[in-house]
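Observations on the three-dimensional arrangement
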Amino acid sequence: MENSLLAKMADIGVDPVFILIGLIILIIILFVLLIKSKSRIKKIEEKYEAFMRGKDGESLESVILTRFDEIDKLKRSDVKKTKALNDIIENLDSAYQKVGIIKYDAFNEMGGKLSFVLALLTKENDGFILNAVHSREACYTYVKEIVKGESYIPLADEEQQALEEAVKSDNYMME
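Computed from a prediction, not measured in an experiment: that's the story for all the values here.

**Things to note about helix α4 (residues 157-168)**
For α4, with 12 residues, the first-to-last C-alpha span of 17 Å sits near the 16 Å given by 1.5 Å per residue. Buried residues of α4: E159, A162, L163 and A166, and no others. Mapping the buried residues of α4 onto a view down its axis gives an arc of 100°, with all of them on the same face. Seen from the open side of α4, the exposed residues pointing more than 90 degrees away from its buried face are D157 and K168. Along its buried surface, α4 packs onto β1 (98-104), β2 (115-121), β3 (127-134) and β4 (139-146).

Encoded structure:
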């Protein structure tokens, strides 16, 4: 008894054996995919069982609520730390961040450059210049106020150098 479908395929040049081999290969591929899927499902079930082992609905709910409380505490802590960090940044704006120092000989008879000028400025170039003049008899210290990078009192050459060094320095604590 001959099948009419097989006869028609033979008439157009398609051998039924190739179709049969193709179907067998397709079945094998589907079987491999089925085994792989079963393996993945089994792993997920094992993880689920390990998660649920010893837990009932109430204890699982308490664990979840505890985690939510911990998250809320972390959020409150983050807000406090952000405020503290903002306060620190605000205070740094008024801190002395720029430094210029020049050592020099105030008097030709003295050696070793024991005199110095120290310029300390904020980010906005406000601050002061400290000039320590050392002689054989004494040490004299002078302070001059600096506002926006300028002094209202005339500056000595060394003081001007220290001021320029401080203004040009990029030793900002915060940018």
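More follows now that the structure is in view.
**Considering a positive patch on the surface**
A contiguous patch of positive charge, built from K36, R40, K43 and K47, is present on the exposed surface. Mapped onto the elements, K43 comes out in helix α2 (residues 16-52). A relative accessible area of 52% places K43 in the exposed class.

**Points about the side chain of S115**
Tracing the sequence through the fold places S115 in strand β2. Here the side chain of S115 touches H134 through a polar contact of 2.8 Å, landing on its backbone nitrogen. Discounting residues that sit within four places of it in the chain, S115 has contacts with I102, K103, Y104, A106, A132, V133 and H134.

**Observations concerning the nonpolar core**
Ranked by size, the top nonpolar core spans 11 residues in total: I102, Y104, V117, A119, L121, I129, V133, I146, A162, L163 and A166. Looking at this core, the elements that each hand over two or more residues are β1, β2, β3 and α4. Among all residues touching A119, those that are not within four sequence positions of it are K98, V99, G100, F128, I129, A162, L163 and A166.

**Some remarks on a nonpolar patch on the surface**
Nonpolar side chains collect at one region of the surface, where I12, V14, V17, F18, I19, I21, L23, I25, L26, I29, L30 and L33 lie side by side and expose about 1,100 Å² of accessible area between them. Examined against the element boundaries, V17 turns out to sit in helix α2. Residue V17 is classed as partly exposed on the basis of its relative accessible area, which comes to 46%.

**Observations regarding the packing of aromatic side chains**
Within this structure, the stated rule accounts for one aromatic pair. Consider the rings of Y96 and F128, whose centres lie 5.3 Å apart with planes at 90°: the pair is edge-to-face. On the criterion of sequence distance, the pair formed by Y96 in the loop between α3 (57-93) and β1 and F128 in strand β3 is long-range, its members being 32 residues apart. On the accessibility criterion, F128 (23% relative accessible area) is partly exposed.

**A closer look at the pairing of β2**
Along a regular strand, successive side chains alternate from one face of the sheet to the other. Burial within β2 is extensive, with six of its seven residues counted as buried. In the sheet, β1 pairs with β2 via seven bridges, with the strands oriented antiparallel. Counterpart to Y104 in the pairing with β2 is S115. Bridging between β2 and β3 involves six bridges; their strand directions are antiparallel. Of the residues in β3, the one forming a bridge with A119 is I129. In this antiparallel pair of consecutive strands, β2 and β3, the connection spans five residues, and N125 shows a positive phi of 65°.

**Focus: the sheet that holds β2**
Spatial strand order, β1-β2-β3-β4: four strands in an open sheet with antiparallel pairing. Only two strands of the sheet have a single partner each, and these edge strands are β1 and β4. If you compare each strand with its neighbour and ignore which way they point, the axes differ by 10° on average. In the packing of α4 onto the sheet, the strands contacted are β1, β2, β3 and β4, and the crossing angle to β1 comes to about 150°.

Conventions and cut-offs
Residues numbered from 1 in each chain as written. Predicted model: local features only at pLDDT ≥ 70, side-chain atom pairs only at ≥ 80, totals over all residues. Heavy atoms only, no water. Helix = DSSP H or I, 4+ residues; strand = E, 2+ residues; numbered from the N terminus. Expected span 1.5 Å × (residues − 1). Buried < 20%, exposed > 50% of the residue type's maximum accessible area, 1.4 Å probe, protein only. Arc of directions from axis to C-beta. Contact = heavy atoms within 4.5 Å. Patch = residues over 30% accessible without salt bridge, like charges linked within 9 Å, V, L, I, M, F, W, Y side chains within 5 Å. Areas by Shrake-Rupley, 256 points an atom, 1.4 Å probe, with all protein chains shown as cover. Salt bridge = Lys/Arg side-chain N within 4 Å of Asp/Glu carboxyl O. Lys, Arg positive; Asp, Glu negative; His and termini not counted. Charge placed at Lys NZ, Arg CZ, Asp CG, Glu CD. Polar contact = N/O pair within 3.5 Å; in protein donor to acceptor, adjacent residues only side chain to side chain. Core = buried A, V, L, I, M, F, W, Y, C linked by side-chain atoms within 4.5 Å. Phe/Tyr/Trp six-rings, centres within 6.5 Å; stacked < 30°, edge-to-face > 60°. Pairing = 2+ DSSP bridges. Axes fitted to C-alpha atoms, helices over the stretch in contact; angles between N-to-C directions.

Worth remembering: the numbers are spatial, not functional.
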